[in-house]
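# Secondary and tertiary structure notes
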Amino acid sequence: MTERTQTSKPNVARAANSPCPVREAADGIRTLPTGERPNVTAIAEVSEPEADVTMEAVVERGNLWLAYQRVVSNKGAAGVDGMPVERLGDHLREHWPRLKGELLEGDYRPSPVRGVEIPKPGGKGMRQLGIPTVADRFIQQAVHQVLQRVFEPGFSESSFGFRPGRNAHQAVRQARDYVREGRRWVVDLDLEKFFDRVNHDVLMSRVARKVKDKRLLRLIRRFLQAGLMKEGLAAQRMEGTPQGGPLSPLLSNILLDDLDKELERRGHAFCRYADDCNIYVRSEAAGERVMVSVTRFLEGKLRLKVNADKSAVARPWVRKFLGFSVTWERCSRLRVAKEAVKRFREKLREKFRSGRGRNVRAFVEELGPALRGWKNYFGVAEAKGIFEELDRWVRRRLRLLCWRQWKWPRTRVKKLMQLGLDEKTAHISAFNGYGPWRNSGARHLNQALPMKLFEDMGLVSLCPVT
């Protein structure tokens, strides 16, 4: 998964119980006392940003303390060395003097990243992740914090991905507002395997605009070129920045900031979230011109390839952006994209398959995180009909689960009577000869297993609270 870089409240309680070895003593390194917080105000107030982007700033005590807190609170999987996050403190207590010396001398070499492939949404291929070791994640996070201070203020207002105080909801709302203003055509750009195709030389030239410390530049390039370990073999990387480490999202924003500045120079209305970029125009002809010129810019200046099959000039309501679309009315409203609804149904179907034979109340509790997560993300949609439809569908799947668990007609008679149906209705329902799915939507099962029953079990409703 892509490492989130948006600033969040650190897990202070966990950090206090896992001492961070970032305060130096004359004879080596020791931990911060429980509850002690470094004074990091000076770090955030930089009058000359470029002058502060040095390796000394990376290994500064306060910067390391914040990096340690972030890595520990994010948890995450182990890298190629198998070391879990919980052992980071002990590892640094033992090895930090050597690691710091290597960083300051410019000799530090990252370990290979552990290659992991996960399916892309919709089952369209696989996404390559690169999981760094915990120690490398700690150093990457420290570098990330230093770079972010100087690059973040210059990023575009239309860039929303992996930035402090910005999120996908802001991006889709801005996209909706562009459509309401009359820009009812969208240039939907898809960068082909963006994180796998980033040109290291092009990216490093953008980083070097504000980073002059050669040790830091060398370290960043080594992180980019760290081998990808798969099936016990480490392959050298000459391009790309696999998702999985703290630096990857920031580096993608640094590279694509050139695209943002070019679109701003041309006066375009656009929204970008990481490598997803939509440009909103007033006519199809304008969209076609923009598609040609922006593709030329991306492939010529940034050496990125636009996927012609997935990119298009179309109406915004037939395209999706970050899982959302818009309605076609003049005053467009946000709605959940059909593809996102389909993926959610498939995800829940898998859960229901695993729920056969399970206690229904326990299974409803297990559904909670998936339902809450989907609701929290898509709850900002203004077209609400899909939420009621999905609520009904989830309840019907639960009734289907119960009907199958009861299995035999006589068991069904007994259960239906226990749930309040009279004996005659229970017999007719249990012996009607219809299949499970039809029965799950029938009146008798709706009466026996009403909405109130599932609410009492703790079933999360997808309908946003108004």
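Residues numbered from 1 in each chain as written. Predicted model: local features only at pLDDT ≥ 70, side-chain atom pairs only at ≥ 80, totals over all residues. Heavy atoms only, no water.

### Thoughts on the overall build of the protein
A tally of helices and strands in the protein yields 21 helices and 12 strands. Within the protein, the fraction of its 466 residues that count as buried is 51%. Summarising the internal contacts of the protein: among those between residues at least 6 apart in sequence, 73% fall at separations of at least 24. Of the roughly 22800 Å² that the protein leaves accessible, carbon and sulfur atoms contribute 49%. (Helix = DSSP H or I, 4+ residues; strand = E, 2+ residues; numbered from the N terminus. Buried < 20%, exposed > 50% of the residue type's maximum accessible area, 1.4 Å probe, protein only. Contact = heavy atoms within 4.5 Å. Areas by Shrake-Rupley, 256 points an atom, 1.4 Å probe, with all protein chains shown as cover.)

### Quick notes on the packing of aromatic side chains
This model, assessed by the stated rule, comprises 13 aromatic pairs. The structure contains a cluster of three or more aromatic residues connected by ring pairs, namely F324, F344, W374, Y377, F378 and F387. If you follow R166 out to its NZ or CZ, it ends over the ring of F160, 5.1 Å from the centre. In this structure, R396 is placed above the aromatic ring of W437, and the distance from its NZ or CZ to the ring centre is 3.9 Å. (Phe/Tyr/Trp six-rings, centres within 6.5 Å; stacked < 30°, edge-to-face > 60°. Lys NZ or Arg CZ within 6 Å of the ring centre and 35° of its normal.)

### A short note on the pattern of salt bridges
One pass over the structure, following the stated rule, counts 25 salt bridges. Where E102 meets R98, a salt bridge forms, and the shortest distance between an N and an O atom there is 3.3 Å. Within this pair, E102 and its partner R98 are both found in helix α6 (residues 88-105), separated by 4 residues, close to a single helical turn. With a relative accessible area of 23%, E102 lands in the partly exposed category. D456 is the partner of K452 in a salt bridge, and the nearest nitrogen-oxygen pair spans 3.0 Å. Separated by 4 residues within a single helix, K452 and D456 lie in helix α21 (residues 451-457), roughly one turn from each other. (Salt bridge = Lys/Arg side-chain N within 4 Å of Asp/Glu carboxyl O.)

### A few points about the nonpolar core
In terms of nonpolar packing, the biggest core is built from 69 residues, with F138 and I279 touching the most fellow members. If one sorts the elements of this core by residue count, helix α7 (residues 134-151) sits on top with 9 residues. By size, the runner-up hydrophobic cluster in this structure holds 58 residues, among which are A340, L348, A426 and F454. (Core = buried A, V, L, I, M, F, W, Y, C linked by side-chain atoms within 4.5 Å.)

### Points about the side chain of R184
Counting through the fold element by element, R184 comes out in the loop between α8 (168-180) and β5 (185-190). Separated by 2.5 Å, the side chain of R184 and the backbone oxygen of W328 make a polar contact. A distance of 3.3 Å separates a polar side-chain atom of R184 from the backbone oxygen of E329. Setting aside anything within four residues of it in sequence, one finds R184 in contact with V179, V281, R315, P316, W317, W328, E329, R330 and S332. (Polar contact = N/O pair within 3.5 Å; in protein donor to acceptor, adjacent residues only side chain to side chain.)

### Considering unusual backbone geometry
Backbone geometry at K75 places phi at a positive 55°, although glycine is not the residue there. Tracing the chain through its elements places K75 in the loop between α5 (61-74) and α6. On the accessibility criterion, K75 (48% relative accessible area) is partly exposed. Despite not being glycine, K407 shows a phi value in the positive range, around 65°.

### As for the pairing of β5
Summarising burial for β5: 5 of the 6 residues are buried, a large majority. Two strands pair when backbone bridges link them, and β5 and strand β9 (residues 276-281) are joined in this way by 6 bridges, in the antiparallel orientation. Across the sheet, residue V187 finds its bridge partner in β9, namely I279. For β5 and strand β10 (residues 312-314), the ladder comprises 3 bridges, and the chain directions are antiparallel. Counterpart to V187 in the pairing with β10 is V313. (Pairing = 2+ DSSP bridges.)

### What to know about helix α12 (residues 247-265)
Counted at 1.5 Å a residue, the expected span for α12 with its 19 residues is 27 Å, and the 28 Å between its end C-alpha atoms agrees. The axis of α12 is deflected most strongly, by about 35°, at L256. Most of α12 sits inside the fold, with 16 of its 19 residues counted as buried. Immediately beyond the C-terminal end of α12, within one or two residues, lies G267, with a positive phi of roughly 80°. (Expected span 1.5 Å × (residues − 1). Bend = angle between axes of the 7 residues up to and from the residue.)

### What about α8?
Think of an α-helix as 3.6 residues a turn; residues three or four steps apart then line up on the same face. Between its first and last C-alpha atoms α8 spans 19 Å; for 13 residues at 1.5 Å apiece the expected length is 18 Å, and the two agree. Considered for burial, the residues of α8 that qualify are A168, H169, A171, V172, Q174, A175, R176, Y178 and V179. In this structure, the buried residues of α8 make contact with β8 (269-273), β9, β11 (324-326), β12 (334-336) and α15 (360-378). Looking at where α8 begins, the residue whose side-chain oxygen comes 3.1 Å from the main-chain nitrogen of H169 is N167.

### What about the environment of E329?
Take E329: it is sitting in the loop between β11 and β12. Residue E329 is classed as partly exposed on the basis of its relative accessible area of 26%. The spacing of E329 and V179 is 150 residues in sequence and 9.7 Å in space, taken between C-alpha atoms.

### Here's the deal with the confidence of the model for the protein
Taken residue by residue, the protein gives an average pLDDT of 85. The fraction at 70 or more is 85%. Element-level mean pLDDT values for the protein span from 34 in helix α2 (residues 41-44) up to 97 in α8. Across residues 1-48, where pLDDT falls below 50, the model places 101 contacts with residues more than four positions away in sequence or in other chains. (pLDDT = per-residue confidence, 0-100.)

### Points about the environment of A448
Mapped onto the elements, A448 comes out in helix α20 (residues 443-448). Relative accessible area serves as the criterion here: at 3%, A448 is assigned to the buried category. A C-alpha to C-alpha distance of 6.6 Å links A448 and L421, two positions 27 residues apart in sequence. Excluding anything up to four places from it in sequence, A448 contacts L416, L419, L421 and L453.

### A closer look at the sheet that holds β9
If you walk across this open sheet you meet the 4 strands as β8-β9-β5-β10, and the pairing is antiparallel. Pairing within the sheet leaves two strands with one partner each, and these edge strands are β8 and β10. Strand after strand, the sheet turns through a mean of 15° between neighbouring axes, direction not considered. Across the sheet, α8 is in contact with β8 and β9; its angle to β8 comes to roughly 160°. Strands in contact with helix α13 (residues 284-301) are β5, β9 and β10; relative to β5, the strand with the most contacts, it is inclined by about 25°. (Axes fitted to C-alpha atoms, helices over the stretch in contact; angles between N-to-C directions.)

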